[in-house]
Amino acid sequence: MDEEYDAIVLGTGLKECILSGMLSVSGKKVLHIDRNKYYGGESASICPLEELFTKFSAPAPDESYGRGRDWNVDLIPKFLMANGQLVKLLIHTGVTRYLEFKSVEGSYVYKGGKISKVPVDQKEALASDLMGMFEKRRFRNFLIYVQDFQSDDPKTWKDFDPNTANMQGLYDKFGLDRNTQDFTGHALALYRDDDYLLQPAIQTITRIKLYSDSLARYGKSPYLYPMYGLGELPQGFARLSAIYGGTYMLDKPIDEIVVGEGGRVVGVRSGTEVAKCKQVYCDPSYVQDKVRKKGQVIRCICLVDHPIPNTKDALSTQIIIPQKQVSRNSDIYVSLVSYTHQVAAKGWFIAMISTTVETENPEVEIKPGLDLLGPIRQKFVSISDYYEPIDSGLESQIFISESYDATSHFETTCLDVLDIFKRGTGEEFDFSKIKHELGDEEQ
Amino acid sequence: MENMATRTQTAQRPNGSAQGKICQFKLVLLGESAVGKSSLVLRFVKGQFHEYQESTIGAAFLTQTVCLDDTTVKFEIWDTAGQERYHSLAPMYYRGAQAAIVVYDITNQDTFGRAKTWVKELQRQASPNIVIALAGNKQDLANKRMVEFEEAQNYADENTLLFMETSAKTAMNVNDIFLAIAKKLPRNEQASGASASGQGRRLAEGDTGARAAGSCCK
Ligand SMILES: Nc1nc2c(ncn2[C@@H]2O[C@H](COP(=O)(O)OP(=O)(O)O)[C@@H](O)[C@H]2O)c(=O)[nH]1
Ligand SMILES: [Mg+2]
């Protein structure tokens, strides 16, 4: 440990592992430490099942749960958008070769106490039970507009300037009603609240395109999920970092981040050992005095022995409950994965409900989600504080990631990572460069 | 739309007739730092040896094929990328491995002790029918031997491991140990395909899905 590094990364959550990988690939000498003896931090998948029960102080699972080692339970539920940033990172860094994925089978949206399939193309729009006859036509026209839209070709904008006019304006142009706006903004554009309505329409159009491009990639739904759970993702990026020379130490307590003149970081101390460095990258748990609480997220892990009712027995699903449907300010997400993803024993499913906490009684807030699941065999609720750094890190050279938010996918995760990388190195991450270098790795 | 990365593929000749099976297996290397794991891989895959083997940057995923009768066995070889040093190998490393070579250095008794620990770790963590080979490396340094051949052979027999002494430097037994493993691996379609992957798909650029099947022996 008593060496000098360009960067020391603390914590092996997904964000830190991606950063570590990108830094190593860019030629930096990296030391990557975790205080835990396992990879993943908050983004680990818990195995065996007994450990999950212990973690939540529940009595040990009985034999109906099968072999404990067959379970890998995520603590933070998310899916990958098939055409999103994380998939891009996985492919361009070559990390994808360590992983296998499955498409998520169904994508549903909640309306009036019932769930309906999210309509994504013209055909589905016309068949959907979310809208009445005339509304379907209007929605179809809207979808065609988005499909044909090219940000660099004003001809496709049809007398509407998406860079200045807001999204409400675009909805109004097509005469879409409140309900349609609701599932479009929340289930297709994946906004968590309604602030987007007053933002330039281009942002929402881009998001709907991401959704439909993702869908086009693997069918069924725009979402992907890795076999053996999300905990595989940080491990994959850690391996990338190691391959490019990164040094890994687990089970190593961090006692101090040593700061020198002008408040700049000079090293990291564990016991009596000090590793010198020019920069530190870490998650909020390593620097509690440099982060502030932004809010809370409630997550509820439910072990069930059946698929979610009314999803055509899908072995994986996502259900979005738009805020307005249940008189809230932020959406509730329900996700389901199963034994077919090697995250549960044969016949078992793991459902997760998550949302941003808005009241004093968060468990009541997730009830609309719980009510969709049918009988639940075991439930684990956690409420976590959501932190963000108090500064950009440029002065101290300590770059801190934000806690994982309540979104159902990794887009914000990647944006945070790319932003930290840029702050830390002064450069955008050059995707094309690595890919080329990896080219001759396989003979 | 379907493009699952099937692990057992049938190679096609240009005229379309089947040429024989290609079975793909994940093989992992384990053992203490500096026993010669990366050197064994480099010797097997590229036929090279470096006296001062730098930590193998950027090359911890290599493939090599061996041919057995009508079957091409393609090894997808995972080197530790140095993550064994501070005991920080990830569970992902063992995941779905169908073969493992546990390496020790015959001139260093400690590394033999560590090899036994790795074997136990594999028996605990890896799939139950994994094929494990024990390699006593640096056989060219037999004059400085600290681990007797018989001792290792007995240990291997007790634990039903394949065993060979090898030298990445002289190439002794390097191809042989991989070939011996290939012979012990199940080569029927089901065994090689399904047990390997969790039956998901690999992602690739432009969604080409599975990589093209490698060609047979040169
Ligand atoms: N004499 C001799 N040296 C070897 C042999 N295999 C590896 N080495 C040397 O041992 C050192 C460590 O090898 P390396 O492959 O990096 O070990 P690893 O840490 O297990 O991957 C290097 O200096 C190699 O040149 C061998 O068979 N004979
Ligand atoms: Mg090595």
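Chain B goes by Ras-related protein Rab-5B isoform X1 in an unreviewed UniProt entry, where it is assigned to Nicrophorus vespilloides. Word for word, the UniProt comment on chain B under Sequence similarities (unreviewed entry) is "Belongs to the small GTPase superfamily. Rab family."

Going by an unreviewed UniProt entry, chain A carries the name Rab GDP dissociation inhibitor and comes from Nicrophorus vespilloides. Heading Sequence similarities (unreviewed entry) of the UniProt record for chain A holds this comment: "Belongs to the Rab GDI family." Comment text from UniProt for chain A, heading Subcellular location (unreviewed entry), reads "Cytoplasm".

(A) Layout of the overall build of chain A. Regarding its fold elements, chain A presents 13 helices and 19 strands. Compactness check: chain A gives a C-alpha radius of gyration of 23 Å against a globular reference of 22 Å for 443 residues, within 12% of the reference. Each principal axis of the C-alpha atoms in chain A carries an extent, and together these give about 70 × 60 × 55 Å. Counting every position in chain A, which comprises 443 residues, the buried fraction comes to 59%. Summarising the internal contacts of chain A: among those between residues at least 6 apart in sequence, 71% fall at separations of at least 24. Accessible area for chain A stands at about 17600 Å²; split by element, carbon and sulfur atoms hold 48% of it. When the 51 basic and 63 acidic side-chain charges of chain A are each reduced to a single mean position, those positions are 4 Å apart.

(B) View of the nonpolar core. Within the largest apolar cluster, 163 residues are counted, with the highest numbers of intra-cluster contacts made by A:Leu86, B:Phe75 and B:Leu134. Apart from residues lying up to four places away in sequence, B:Leu134 is in contact with B:Val102, B:Tyr104, B:Phe112, B:Ala115, B:Ala152, B:Tyr155, B:Ala156, B:Leu161, B:Leu162, B:Phe163, B:Met164 and B:Ile177. Judged by nonpolar contacts, the second largest core, of 22 residues, contains A:Val304, A:Val326, A:Ile332 and A:Val357.

(C) Inspection of the sheet that holds strand E18 (residues 378–389) of chain A at higher detail. Residues and elements named next belong to chain A. Taken together, the 7 strands give an open sheet; going across it, the order is E8-E7-E15-E16-E17-E14-E18, and neighbouring strands pair in mixed fashion. Edge positions in the open sheet fall to strand E8 (114–117) and E18, since each of these has one partner strand only. Ignoring strand direction, the axes of neighbouring strands in this sheet form an average angle of 25 degrees. In the sheet, strand E7 (residues 106–111) pairs with strand E15 (residues 317–321) via 4 bridges, with the strands oriented parallel. If you follow Gly 106 over to E15, its bridge partner there is Thr 317.

(D) How the structure looks around the site of ligand 1. Residues and elements named next belong to chain B. Neighbouring ligand 1 are 19 residues, the closest being Ala 34, Ser 39, His 50, Glu 51 and Asp 140. Side-chain polar atom of Ser 167 to an oxygen atom of ligand 1: 3.4 Å apart, as the coordinates give it. Summarising the interface, the protein chains cover 87% of the accessible area of ligand 1, which totals 580 Å² for the free molecule. Among the elements that make up the shell around ligand 1, the one with the highest residue count is helix H1 (residues 37–46) (3 residues). Each residue belonging to the shell around ligand 1 can be placed in one class, and the counts come to 5 nonpolar, 8 polar and 6 charged.

(E) Expanded view of the domain arrangement of chain A. Residues and elements named next belong to chain A. Taken domain by domain, chain A holds domain 1 (4–42 + 231–292 + 387–442), domain 2 (50–105 + 295–386) and domain 3 (119–218). Tallying the contact residues gives 16 residues for domain 2 and 16 residues for domain 3. For the domain 2 and domain 3 pair, buried surface summed over both sides reaches about 1400 Å², with 52% attributable to carbon and sulfur atoms. For the pair domain 2 and domain 3, the number of links is 8 residue pairs in polar contact (both at pLDDT 80 or more). Across the side of domain 2 that touches domain 3, the residue classes tally to 7 nonpolar, 7 polar and 2 charged.

(F) Spatial organisation of the pairing of strand E13 (residues 273–282) of chain A. All names here are of chain A. Both strand E1 (residues 4–10) and E13 contribute to a ladder of 6 bridges, which runs parallel. Paired with Leu 10 across the two strands is Cys 282, which belongs to E13. Bridging between strand E12 (residues 265–270) and E13 involves 4 bridges; their strand directions are antiparallel. When the sheet's bridge partners are listed, Gly 267 is paired in E13 with Lys 276. Between E12 and E13, which pair antiparallel one after the other, the connecting turn spans 2 residues, and Gly 271 there sits at a positive phi close to 60 degrees. With 3 bridges joining them, E13 and strand E19 (residues 398–400) adopt parallel strand pairing. Its bridge partner lying in E19, Tyr 281 is registered against Phe 399.

(G) Quick look at the sheet that holds strand E9 (residues 223–226) of chain A. All names here are of chain A. Overall, antiparallel pairing links the 3 strands, which are arranged E5-E9-E6 in an open sheet. What marks the edges here is a single partner per strand, and that holds for strand E5 (80–81) and strand E6 (101–103). Here 2 bridges tie E5 to E9, and the two strands are oriented antiparallel to one another. Across the sheet, residue Leu 80 finds its bridge partner in E9, namely Leu 224.

(H) Fine view of unusual backbone geometry. Residues and elements named next belong to chain A. The peptide bond linking Cys 47 to Pro 48 adopts the cis configuration, its omega dihedral lying at -5 degrees. Relative to the helices and strands, Pro 48 is located in the loop between strand E3 (45–46) and helix H2 (49–55). A positive phi angle, close to 75 degrees, is found at Tyr 228, a residue other than glycine. Positive phi, close to 55 degrees, is recorded for Asp 313, a residue that is not glycine. For Asp 313, the location among the structural elements is in the loop between strand E14 (291–304) and E15.

(I) Molecular detail of the confidence of the model for chain B. Residues and elements named next belong to chain B. Across chain B, pLDDT averages 82, with 76% of residues at or above 70. Segment residues 190–196: pLDDT under 50, and 16 contacts once partners within four positions in sequence are set aside and those in other chains are kept. In the model, residues 208–218 has pLDDT below 50 throughout and makes 22 contacts with residues more than four positions away in sequence or in other chains. Interface confidence for the predicted complex, expressed as ipTM, amounts to 0.82; the pTM equals 0.90.

(J) Layout of the pattern of salt bridges. Following the criterion strictly, the structure yields 31 salt bridges over all chains and no others. Between B:Glu121 and B:Arg124 there is a salt bridge whose closest N-O contact spans 3.5 Å. Placement of the pair is B:Glu121 and B:Arg124 together in helix H3 (residues 109–125), with a separation of 3 residues, close to one helical turn. The partly exposed category is assigned to B:Glu121, whose relative accessible area is 22%. Among the ionic contacts, a cluster of salt bridges with common partners joins A:Arg292, A:Lys294, A:Glu388 and A:Glu402.

Reading guide: rules and limits
Every chain is numbered independently, its residues counted from 1 as its sequence is written. Throughout, the order in which chains and ligands are written sets their labels, letters from A for the former and numbers from 1 for the latter. Restriction of local features to residues with pLDDT of at least 70 applies here, the model being predicted, together with a cutoff of 80 or more for giving and counting side-chain atom pairs; totals for whole chains, interfaces and linings are based on all residues. Values reported for side chains reflect all heavy atoms of the structure, with hydrogen atoms and water molecules removed beforehand. UniProt positions are given in the numbering used here, feature names are shortened, and annotations may be inferred rather than shown by experiment. Elements are defined by DSSP. Helices are runs of H or I of four residues or more, strands are runs of E of two residues or more, and each kind is numbered from the N terminus. Radius of gyration: C-alpha atoms only; globule rule: 2.2 Å multiplied by the number of residues to the exponent 0.38. Burial status follows relative accessibility: with a 1.4 Å probe on protein chains alone, a residue under 20% of its type maximum counts as buried, one over 50% as exposed, and anything between as partly exposed. Contacts are assigned to residue pairs with any non-hydrogen atoms lying within 4.5 Å of each other. With residues, only the protein chains shown are counted as cover, and all accessible areas are computed by Shrake-Rupley using a 1.4 Å probe. Residues scored as charged are limited to Lys and Arg (positive) and Asp and Glu (negative), so that His and the chain ends carry no count. A charged residue contributes its charge at one atom only: NZ of Lys, CZ of Arg, CG of Asp or CD of Glu. Only buried Ala, Val, Leu, Ile, Met, Phe, Trp, Tyr and Cys residues count toward a nonpolar core, and they belong to the same one when joined by side-chain atoms within 4.5 Å. Between any two strands, at least two bridges found by DSSP are needed for them to pair. Axes here mean lines fitted to C-alpha atoms, for a helix over just the part in contact, with angles spanning 0 to 180 degrees between N-to-C directions. Think of it this way: one heavy atom of a residue within 4 Å of a molecule or strand is enough to make that residue near it. Here a polar contact means two N or O atoms within 3.5 Å. Within protein one must be a hydrogen donor candidate and the other an acceptor candidate, and residues neighboring in sequence count only if both atoms are side-chain atoms. Residues are grouped as follows: nonpolar covers Ala, Val, Leu, Ile, Met, Phe, Trp, Tyr, Cys and Pro; charged covers Asp, Glu, Lys and Arg; every other residue, Gly included, is treated as polar. The domain boundaries here were taken from an automatic or database domain assignment. Buried area is calculated as the accessible area (1.4 Å probe) missing from two parts once they are joined, with the contributions of both summed. pLDDT expresses, on a scale from 0 to 100, how confident the predictor is about each individual residue. Here, a salt bridge means any side-chain nitrogen of Lys or Arg that lies within 4 Å of a carboxyl oxygen of Asp or Glu.

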